Amino acid sequence: MPITTSAEMFKKAYEGKYAIGAFNVNNLEIIQGITEAAKELNAPLILQVSAGARKYAKHVYLMKLIEAAVLDTGLPICVHLDHGDDFEICKSCIDGGFTSVMIDGSKHSFEDNIKLTSEVVKYAHDRGVVVEGELGKLAGIEDDVNVSEEDAAFTRPEEVEEFVKRTGVDSLAIAIGTSHGAYKFKPGQTPHLRFDILEDITKRLPNFPIVLHGASSVVPEYVKIINEYGGSMPDAIGIPEDMLRQAARSAVCKINIDSDLRLGMTAGIREHMAKHPDHFDPRQYLAPGRDNIRTLVKHKIKEVLGCDGKA
Ligand code: G3H
Ligand code: 13P
Ligand code: ZN
């Protein structure tokens, strides 16, 4: 099984009322933790790479590690550019073997977003690559994008048909109250997603795959471990799992998770180093980080996304 696009995955996910996990990857241990979990549960996967991840690890290293994971697991795996900022990075990823790219034109005006997204779609489709666009702005911090809560804006359902029709995108990321990073809601705030907006969008775009960014639950056990072993993270509230399950049963076919992986990796390393302060072989402390990622991803696949057994 070679690296695949997400087209077939999304078709099956839409019909089967489940979602595919799109997990951010930066290094060997993260890729192994995720793909070993998916292998155990026979789940399809999207591995996504941000601009920051490409800068950190280099495109070719991540590509070759993912190719190795495909060989090792035999799973359908889609390699996706997360939050492509401009045409050039999308082109570079397409030319470098990615099967899917996101062009995130959400910071532009509606017309400029359409223009930029259409250019990427043309280049991608001519080469068999699929494209995710975005309408609406999520709050939170990404590598180069910092959208304040005041600037965040829900997707306007009345814009989605025109956007999809004029750009030709294959999937659409929407803003319904999720946000990036580990601090999505303040203590005391009740997490709330605008399922009414999702429903309206689904009516206007029948059989069309929707993408949810900023979908980490900010696993409390990992925050607790980090703080128990020397960390000082403030209380953090993420997206409750029942809301994610509800989304996965709807038109949402792709759910993006990064922060929970970071917390799992860090909790594993901190706990190990605190218990074995004299260890200095990186394999000794990276392995518990990888174990946490495997456990976390198995939980997401089975209990949240519902894509176990669907590879
Ligand atoms: O949404 C962004 C992802 O969490 C990637 O984060 O840009 O820091 O790699 P990054
Ligand atoms: P989290 O920060 O909630 O994990 O979201 C990740 C994401 O949306 C990557 O594009
Ligand atoms: Zn995102």
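Our subject is the structure listed above.
Residues numbered from 1 in each chain as written. Chains lettered and ligands numbered in written order. Predicted model: local features only at pLDDT ≥ 70, side-chain atom pairs only at ≥ 80, totals over all residues. Heavy atoms only, no water.

Visitor: Help me understand the overall build of the protein, please; the structure alone is not making it clear to me.
Guide: If you tally the helices and strands in the protein, you get 12 helices and 10 strands. At 19 Å, the protein has a C-alpha radius of gyration in line with the 19 Å of a compact globule built from 311 residues. Based on the C-alpha atoms only, the size of the protein along its principal axes is roughly 60 × 45 × 35 Å. Going through the 311 residues of the protein one by one, you find that 54% of them count as buried. Contacts in the protein between residues at least 24 apart in sequence constitute 76% of all its contacts with a sequence separation of at least 6. Within the protein, the 46 negative side-chain charges are centred at a point lying 3 Å from the centre of the 36 positive side-chain charges. (Helix = DSSP H or I, 4+ residues; strand = E, 2+ residues; numbered from the N terminus. Rg over C-alpha atoms; globule rule 2.2 N^0.38 Å. Buried < 20%, exposed > 50% of the residue type's maximum accessible area, 1.4 Å probe, protein only. Contact = heavy atoms within 4.5 Å. Lys, Arg positive; Asp, Glu negative; His and termini not counted. Charge placed at Lys NZ, Arg CZ, Asp CG, Glu CD.)

Visitor: Looking at this structure, how should I read the sheet that holds strand S5 (residues 130–135)?
Guide: The strands that make up a sheet are held in pairs by hydrogen bonds between backbone atoms, and each pair lies either parallel or antiparallel. Ordered in space as S1-S2-S3-S4-S5-S8-S9-S10, the eight strands form a closed barrel in which the pairing is parallel. Strand-to-strand twist across the sheet, computed as the mean angle between neighbouring axes with direction ignored, equals 25 degrees. Against the sheet, helix H5 (residues 87–95) touches strand S3 (77–84) and strand S4 (100–103), its axis set at about 175 degrees to S4. (Pairing = 2+ DSSP bridges. Axes fitted to C-alpha atoms, helices over the stretch in contact; angles between N-to-C directions.)

Visitor: How do you make sense of the environment of Gly52 when you look at a structure like this?
Guide: Within the element layout of this structure, Gly52 appears in helix H3 (residues 51–57). On the accessibility criterion, Gly52 (17% relative accessible area) is buried. Distance from Gly52 to Asn26, taken between C-alpha atoms, is 8.7 Å for residues 26 residues apart in sequence.

Visitor: Explain the packing of helix H2 (residues 28–41) against helix H12 (residues 282–305) here, please?
Guide: Each pair of packed helices gets described by two things: the angle between the helix axes and the distance between those axes. Put simply, H2 and H12 touch, their axes get as near as 8 Å, and they point 40 degrees apart. What the angle tells us is that H2 and H12 run oblique. As for how H2 packs across H12, the hand of that crossing is right-handed. Touching Glu29, Ile30, Gln32, Gly33, Ile34, Glu36, Ala37, Ala38, Glu40 and Leu41 of H2 are Leu286, Arg290, Ile293, Arg294, Val297, Lys298, Ile301 and Lys302, all from H12. (Parallel < 35°, antiparallel > 145°, perpendicular 65-115°, else oblique. Left-handed = near helix turned anticlockwise from the far one by under 90°.)

Visitor: Which parts of the structure should I look at to understand the coordination of the zinc ion (ligand 3)?
Guide: Put simply, a metal with four donors set out as a tetrahedron has ideal angles of 109.5 degrees, and one with six donors set out as an octahedron has ideal angles of 90 or 180 degrees. Coordination of the zinc ion (ligand 3) by the protein comes from His83 (NE2), His180 (NE2) and His213 (ND1), over a distance range of 2.0 to 2.1 Å. With a relative accessible area of 14%, His180 lands in the buried category. (Donors = N, O, S within 2.8 Å, 3.2 Å for Na, K, Ca; no water.)

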